[in-house]
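Examining the three-dimensional arrangement
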Amino acid sequence: MSVFPLLAEGFESALMACSLILLVPGAAVGLTARAAAIPAIASFAIGVLGLSWLRFSERGGDFSPLVIAVALMAATILLLVPLISRLDVAAVPAGLLAGGAAAELWRPCVGAEFGQLLNELPDRGLSGLGLLAIYLVGTLSPLIVLAALHHLVPDRILEKLEPAWSVVGGTALALLSLATALGFHDELVGKLFEWSVAV
Amino acid sequence: MFMTGATPATGWARSLGGSTGAGSGVEMIGEPMSRSQFLAALIVVGALGALVVARVQSGAEAGAGSDQEAAAEAASEPKPITGGEQAAVGATPPAPQTTTLVVAEPPPILEDKPALTDLDGWLQTEATSLDDFSGQVRIVEFWTFGCFNCKNRLPYTQEIYRRWQPEGLEIIAVHAPEFDYEKDPEAVAAAAADLGVVWPIALDTNKTNFRAWQGSRRFWPRTYVLDQEGRVRYDHIGEGDYDGLETTVAQLITNGP
């Protein structure tokens, strides 16, 4: 299968509502992690990749909503609880947990290229993981932009914005966790979809 | 409430525990990464990424080549199937993908699927069960009307339906709604009319069959072909492989199960 069309389809999927369930918690993790946005988002992407690969290749990773909610809540706590002052340390496990949880909730748009990959994934070894990573580079590209922006924004502006970003990101993560625990994640994802279509 | 453990400084350097300059109060190793260094690192990472992509690309193409050779070897008794006019339904039907399909070995027999149960009803048919279509080749497609990729499949499916329905093909669209607004049967009927879905629709509102058929790998759209005896002979996730779908249908209708 061809790599560049797969990458292109990944970029295309980033603009679709079905990717919001990855992009919203990913952005929330990045914003809440503040100065540690880059390692947090990188860890989030690795979490998404790992769990998606396990799920889609039938190697495991089909967790209950309660486990997913606990993972999201743990990520939120790691990033927000004042006792854990080392965000540079907390960002990696928090990103991994949130990424894995988001991958569990993800119901991807399946175009021709990604469809071909999904059809072959159970029979592919690590090449399947590599191809999935290439697709996700496209899908998660808004998060890469977010991480880069965080670095490129002048410090004096960052200082003013970061506290508000943390509140927004932390609240989004906590709400997603709560909705998942209560079994309303489908409705929440649906609302995200409807809002994005309306916008 | 929120603590970063460092005063504001250059983003990445802070995130990696770099020094934040005088007055940070924290002894750390290394100097902060400047923006030019960051951009240089970004370019290096991008170049490495491109190399990896190129490497995987060459590997994937080599694999695809061997697949094609294997398929060519497996093909026997080529059987031409003539394409025809454009689809009768659908706003902008695609040109037929091929005018000649090579029929090789009979399609494999895949894992059995359960009967459709716990349905919320049927639309556009008198049927009440999948068994009502037994003896026919059936395309069973899991879809939902809000799904972008499901809509993209429609012109191709409509073309296949136009060609093969007179020969005995039936399509059963199992509507498994993803979101609340897709659950209303009237909305499904309206969308079907709007999209040119003219075949029977089974309403799987609770997604019972969506889960039972697809197991842990559940996607929209997913397409199966059942032969005249109800055995699964084709399974495809997502868009694409329209030639493969039509070849399977043609094979089963022409040569039997």
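Please refer to the structure placed before this passage.
Residues numbered from 1 in each chain as written. Chains lettered and ligands numbered in written order. Predicted model: local features only at pLDDT ≥ 70, side-chain atom pairs only at ≥ 80, totals over all residues. Heavy atoms only, no water.

All right, on to the overall build of chain B then. Within chain B one finds six helices and six strands. The contacts of chain B with a sequence gap of at least 6 include a subset with a gap of at least 24, amounting to 72%. With an accessible surface of roughly 12,500 Å², chain B has 55% of that area assigned to carbon and sulfur atoms. (Helix = DSSP H or I, 4+ residues; strand = E, 2+ residues; numbered from the N terminus. Contact = heavy atoms within 4.5 Å. Areas by Shrake-Rupley, 256 points an atom, 1.4 Å probe, with all protein chains shown as cover.)

What follows covers the sheet that holds strand S5 (residues 222-226) of chain B. Residue and element names in this part refer to chain B. Taken in spatial order, the six strands of this open sheet run S1-S4-S3-S2-S5-S6, and their pairing is mixed. Two strands in the sheet have a free side with no partner beyond their single neighbour: strand S1 (122-123) and strand S6 (232-237). Judged from the three bridges that link them, strand S3 (residues 169-175) and strand S4 (residues 201-203) form a sheet pairing that is parallel. When the sheet's bridge partners are listed, Val174 is paired in S4 with Ala202. Packed on one face of the sheet, helix H3 (residues 148-164) meets strand S2 (137-143), S3, S5 and S6 and runs near 155° to S3. (Pairing = 2+ DSSP bridges. Axes fitted to C-alpha atoms, helices over the stretch in contact; angles between N-to-C directions.)

Right, let's talk about the state of the cysteines for a bit. If you walk through the whole model with that rule in mind, you get two disulfides over all chains. Between A:Cys18 and A:Cys109 runs a disulfide, and the two sulfur atoms are separated by 1.6 Å. Its torsion about the S-S bond being -105°, the disulfide of A:Cys18 and A:Cys109 is classed as left-handed. Placement of the pair is A:Cys18 in the loop between helix H1 (3-14) and helix H2 (20-32) and A:Cys109 in the loop between helix H5 (87-105) and helix H6 (112-120), with a sequence separation of 91 residues. In this model B:Cys147 forms its disulfide with B:Cys150; the gap between the sulfur atoms is 2.4 Å. Between B:Cys147 and B:Cys150, the disulfide has an S-S torsion of 85° and is therefore right-handed. Across the pair, B:Cys150 and B:Cys147 agree in class, each one buried. (Disulfide = S-S within 2.5 Å. Buried < 20%, exposed > 50% of the residue type's maximum accessible area, 1.4 Å probe, protein only.)

With that settled, consider the pairing of S3(B). Each regular strand carries side chains that alternate between the two faces of the sheet. Residues and elements named next belong to chain B. By the criterion of burial, S3 is predominantly enclosed, with seven of the seven residues buried. On S3, burial covers both faces: Leu169, Ile171, Ala173 and His175 on one face and Glu170, Ile172 and Val174 on the other are all buried. The pairing of S2 with S3 spans seven bridges and is classified as parallel. When the sheet's bridge partners are listed, Trp143 is paired in S3 with His175. For the crossover from S2 across H3 to S3, the handedness is right-handed. For the segment spanning S3, helix H4 (residues 185-195) and S4, crossover handedness is right-handed. (Right-handed = clockwise from strand over helix to strand, strands pointing away.)

Now for the packing of aromatic side chains. Residues and elements named next belong to chain B. Taken as a whole, this structure holds 15 aromatic pairs over all chains when the rule is applied. With 6.1 Å between their ring centres and 40° between their planes, Trp122 and Phe133 make a pair best called tilted. On the criterion of sequence distance, the pair formed by Trp122 in strand S1 and Phe133 in the loop between S1 and S2 is long-range, its members being 11 residues apart. The exposure class of Trp122 is buried, given its relative accessible area of 15%. Ring geometry for Phe210 and Trp220: centres 4.4 Å apart, planes at 20°, overall stacked. In this pair, Phe210 is assigned in helix H5 (residues 208-214) and Trp220 in the loop between H5 and S5, connecting sequence segments 10 residues apart. There is no split in this pair, since Phe210 and Trp220 are both buried. (Phe/Tyr/Trp six-rings, centres within 6.5 Å; stacked < 30°, edge-to-face > 60°.)

The next subject is the packing of H1(A) against H6(A). Residues and elements named next belong to chain A. Where H1 meets H6, the closest approach of the two axes is 8 Å, and the angle between their N-to-C directions is 115°. It follows from the interaxial angle that H1 and H6 lie roughly perpendicular. The chirality of how H1 crosses H6 is left-handed. Listed contacts from H6 to Pro5, Leu6 and Glu9 of H1 are Ala112, Glu113, Phe114 and Leu117. Among the residues making up the contact of H1 with H6, the classes are represented as five nonpolar, no polar and two charged. (Parallel < 35°, antiparallel > 145°, perpendicular 65-115°, else oblique. Left-handed = near helix turned anticlockwise from the far one by under 90°. Nonpolar A, V, L, I, M, F, W, Y, C, P; charged D, E, K, R; others polar.)

Residue and element names in this part refer to chain A. Compared with the 39 Å implied by 1.5 Å per residue over 27 residues, the 37 Å span of helix H9 (residues 155-181) between its first and last C-alpha is a close match. Among the residues making up H9, those that are buried are Leu158, Glu162, Ser166, Gly169, Gly170, Leu173, Leu176, Ser177, Ala179 and Thr180. Gly183 sits one or two residues past H9 and shows a positive phi near 80°. (Expected span 1.5 Å × (residues − 1).)

Attention shifts here to the nonpolar core. If you look at the biggest cluster of nonpolar residues, it comprises 57 residues, and the most contacted ones within it are A:Leu72, A:Trp106, A:Phe114, A:Leu117, A:Leu118 and A:Leu136. When sequence neighbours within four positions are dropped, the list of residues in contact with A:Leu72 reads A:Ala98, A:Ala101, A:Leu105, A:Leu173, A:Leu176, A:Ser177 and A:Thr180. Counting residues in hydrophobic clusters, the runner-up holds 45 residues, among them B:Ala127, B:Cys147, B:Leu252 and B:Ile253. (Core = buried A, V, L, I, M, F, W, Y, C linked by side-chain atoms within 4.5 Å.)

Our focus in this paragraph is H5(A). Two residues of an α-helix separated by three or four positions point the same way, owing to the 3.6 residues in each turn. Here H5(A) spans 26 Å end to end across 19 residues, near enough to the 27 Å set by a 1.5 Å rise per residue. Taking burial as the measure, the 19 residues of H5(A) include 14 buried ones, the bulk of the element.

Further remarks concern the side chain of B:Asn149. Relative to the assigned elements, B:Asn149 resides in helix H3. Residues in contact with B:Asn149, not counting those within four places in the same chain, are A:Cys109, A:Val110, A:Gly111, B:Pro221 and B:Glu239.

Residues and elements named next belong to chain B. Applying the stated criterion across every chain yields a total of 12 salt bridges over all chains. Between Arg163 and Glu159 there is a salt bridge, with its nearest N and O atoms 2.9 Å apart. Of this pair, Arg163 and Glu159 both sit in helix H3, four residues apart, roughly one helical turn. Given a relative accessible area of 14%, Arg163 falls into the buried group. For Glu159, a relative accessible area of 5% gives the class buried. A salt bridge links Arg222 to Asp235; its shortest N-O distance comes to 2.9 Å. (Salt bridge = Lys/Arg side-chain N within 4 Å of Asp/Glu carboxyl O.)

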